[in-house]
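Given next are the chains, with one letter for each unit.
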Amino acid sequence: MARRSLLFSPGDRPELMRKAPGAGADVICFDLEDAVAPDRKAEARESVRAVLTDPDFAPDAEVCVRLTAAEPAADLDALVGAGKDADSDADLRLDAVMLPKVGSADRVEEAAALCADRGLDPAVFALVETAAGVLSAESIAAAAATDALVFGAEDLAADVGATRTDEGTEVLYAREHVVLAAGAAGVDAIDTVFTDFSDTDGLREEAGFALTLGYDGKLAIHPAQVDPINAAFTPDPEEVEWAERVLDARDAAEREGRAVFQVDGEMIDAPLIAQAERIVERAPAGDRPGTDRDKNRSGRHS
């Protein structure tokens with residue numbers, strides 16, 4: 001599935017949570033961590049549960065909840081309705097959980113176990129936003145339950161005492177390290193927030209740069225950021241057509257037992273095949289001429 005954009009929505013604002021799918025993000029994330037004051041956590045948990053169990057809440061987007069770093073078990077208990085009628089949990093819409101401040105692979109496995117104990121099997125997004133997390137990014141990405149690595153530049157800068165700049169050189173190494181770890185493990189990589197939601201041009205530039213680094217998508221903190229992020233991570237029709245030609249030629253070569261083939265006069269090798277697979281993966285479903293090819297693709301997610 002495409003994860004070009006992930007939009008945060010405060011867990012204590014049910015009216016915003018219900019409106020969130022309308023922004024068009026691939027993932028909507030109801031936040032129980034930073035967006036909620038400590039004395040409103042219980043209220044936020046009940047609000048999130050009310051939305052997730054509402055039969056009328058059926059977005060096309062992937063639905064995620066960012067758990068709190070301190071009390072993930074309490075968050076999950078509230079979401080599944082611990083101590084209540086079990087039948088009321090049957091319609092709980094929870095596709096993924098995000099773990100903040102992940103510093104080791106153990107955190108991912110512990111969270112997955114907490115979910116399993118409550119009958120849940122969501123995808124796990126590991127938010128890498130501390131020095132320890134960056135240094136452990138490879139093992140975090142490789143954890144069996146990890147489905148995506150998320151890079152958090154703002155908290156990382158605070159953790160190490162760095163000064164945030166427009167150029168972002170102070171977090172560039174960490175940003176690259178996280179996407180490399182995700183790539184090595186075959187999981188999605190989602191880039192950090194762009195905090196000035198009024199600066200659309202700056203957001204486009206940042207999202208484009210994240211794409212060149214290898215990121216699959218980017219965090220959004222305001223609905224207005226979703227369209228520019230989606231546009232940045234959506235390949236042009238010409239790119240999709242090239243990728244389809246490459247994969248068609250690859251399939252034909254495999255059927256004929258050939259290891260070498262050409263497309264548009266260019267010799268195609270394994271890196272270009274991987275690039276073509278990734279372009280098709282990121283293309284909207286309606287822009288994929290070869291939908292029957294999905295069973296032949298060997299990209300990171302099918």
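Keep in mind the model is a prediction, meaning the values are calculated, not measured.

K.L.:
Explain unusual backbone geometry here, please?
P.N.:
Most peptide bonds take the trans configuration, and most residues that are not glycine carry a negative phi. Phi angles above zero are rare outside glycine, and lysine 101 is one such case at about 50°. In this fold, lysine 101 is placed in the loop between β4 (96–99) and α4 (105–117). You will see that aspartate 264, though not glycine, has its phi angle at about 55°, which is positive.

K.L.:
Would you take a moment to explain the packing of helix α11 (residues 237–255) against helix α12 (residues 270–282) for this structure?
P.N.:
Each pair of packed helices gets described by two things: the angle between the helix axes and the distance between those axes. As a packed pair, α11 and α12 sit with axes 8 Å apart at the nearest point and diverge in direction by 125°. Here α12 runs oblique to α11, going by the angle between their axes. The interaxial crossing formed by α11 with α12 has left-handed handedness. Here Glu239, Val240, Trp242, Ala243, Glu244, Val246, Leu247 and Arg250 of α11 come into contact with α12, specifically with Leu272, Ile273, Gln275, Ala276, Glu277, Ile279 and Val280.

K.L.:
Explain helix α8 (residues 169–185) here, please?
P.N.:
Three- or four-residue spacings in an α-helix give side chains the same orientation, since the helix completes a turn every 3.6 residues. The end-to-end C-alpha distance of α8, which contains 17 residues, comes to 25 Å, matching closely the 24 Å that a straight helix rising 1.5 Å per residue would cover. Val171, Ala174, Arg175, His177, Val178, Val179, Ala181 and Ala182 are the residues of α8 that are buried. At the exit of α8 stands glycine 186, carrying a positive phi of roughly 75°.

K.L.:
I keep staring at the pattern of salt bridges and nothing clicks. Help me out?
P.N.:
As a working rule, side chains carrying opposite charge can pair if their charged atoms are close by. Counted under the stated rule, the structure contains 27 salt bridges. One salt bridge connects arginine 118 with aspartate 77, and the closest N-O pair in it is separated by 2.6 Å. With arginine 118 in the loop between α4 and β5 (123–128) and aspartate 77 in helix α3 (residues 72–80), this residue pair connects regions lying 41 residues apart in the sequence. For arginine 164, the salt bridge identified is with glutamate 154, shortest N-O distance 3.0 Å. Residue arginine 164 is located in the loop between α7 (153–160) and α8, and its partner glutamate 154 is located in helix α7; the two are separated by 10 residues in the primary sequence. Taking relative accessible area as the criterion, arginine 164 reaches 31% and is therefore assigned partly exposed.

K.L.:
Explain the side chain of histidine 177 here, please?
P.N.:
For histidine 177, the position within the fold is in helix α8. One polar contact links the side chain of histidine 177 to the main-chain carbonyl oxygen of valine 134, over a distance of 3.1 Å. In this structure, histidine 177 is in contact with Val134, Ala137 and Glu138, ignoring residues within four places of it in sequence.

K.L.:
Would you take a moment to explain the packing of helix α2 (residues 41–52) against α3 for this structure?
P.N.:
At a closest axis distance of 8 Å, the pairing of α2 and α3 adopts a crossing angle of 40°. Considering the angle they form, α2 stands oblique to α3. The handedness of the crossing between α2 and α3 is right-handed. Note on element contacts: α3 touches α2 through Ala74, Asp75, Ala78, Leu79 and Val80, opposite Arg45, Glu46, Val48, Arg49 and Leu52. In the contact of α2 with α3, the residues fall into six nonpolar, no polar and four charged.

K.L.:
Before we go on, may I ask you to explain the nonpolar core in this structure?
P.N.:
If you look at the biggest cluster of nonpolar residues, it comprises 62 residues, and the most contacted ones within it are Phe30, Leu52, Val65, Val108 and Leu149. Here this core gets six residues from one element, more than from any other, and that element is α8. Among the nonpolar cores identified, the runner-up in size contains 16 residues, and Val240, Ala243, Leu247 and Ile279 belong to it.

K.L.:
Explanation requested: the pairing of strand β1 (residues 5–10) in the structure shown.
P.N.:
Within β1, five of the six residues are buried, which leaves it mostly tucked inside the rest of the structure. Pairing analysis gives five bridges linking β1 to strand β2 (residues 27–31), with the strands arranged parallel. Its bridge partner lying in β2, phenylalanine 8 is registered against cysteine 29. Taking the sense of rotation as the criterion, the β-α-β connection linking β1, helix α1 (residues 14–19) and β2 turns out right-handed.

K.L.:
Please explain the confidence of the model for the protein as it appears in this structure.
P.N.:
Should the pLDDT be low somewhere, the predicted coordinates at that spot are not to be read in detail. Summarising the model, the protein shows a mean pLDDT of 90, and 91% of its residues fall at 70 or more. Note that residues 83–89 has pLDDT below 50 and, in this model, seven contacts with residues that lie over four places away or in other chains. Here residues 288–302 is a poorly scored stretch, pLDDT under 50, and it has 37 contacts once near neighbours within four places are set aside; other chains count.

Thresholds, definitions, all that
Residues numbered from 1 in each chain as written. Predicted model: local features only at pLDDT ≥ 70, side-chain atom pairs only at ≥ 80, totals over all residues. Heavy atoms only, no water. Helix = DSSP H or I, 4+ residues; strand = E, 2+ residues; numbered from the N terminus. Axes fitted to C-alpha atoms, helices over the stretch in contact; angles between N-to-C directions. Parallel < 35°, antiparallel > 145°, perpendicular 65-115°, else oblique. Left-handed = near helix turned anticlockwise from the far one by under 90°. Contact = heavy atoms within 4.5 Å. Expected span 1.5 Å × (residues − 1). Buried < 20%, exposed > 50% of the residue type's maximum accessible area, 1.4 Å probe, protein only. Salt bridge = Lys/Arg side-chain N within 4 Å of Asp/Glu carboxyl O. Polar contact = N/O pair within 3.5 Å; in protein donor to acceptor, adjacent residues only side chain to side chain. Nonpolar A, V, L, I, M, F, W, Y, C, P; charged D, E, K, R; others polar. Core = buried A, V, L, I, M, F, W, Y, C linked by side-chain atoms within 4.5 Å. Pairing = 2+ DSSP bridges. Right-handed = clockwise from strand over helix to strand, strands pointing away. pLDDT = per-residue confidence, 0-100.

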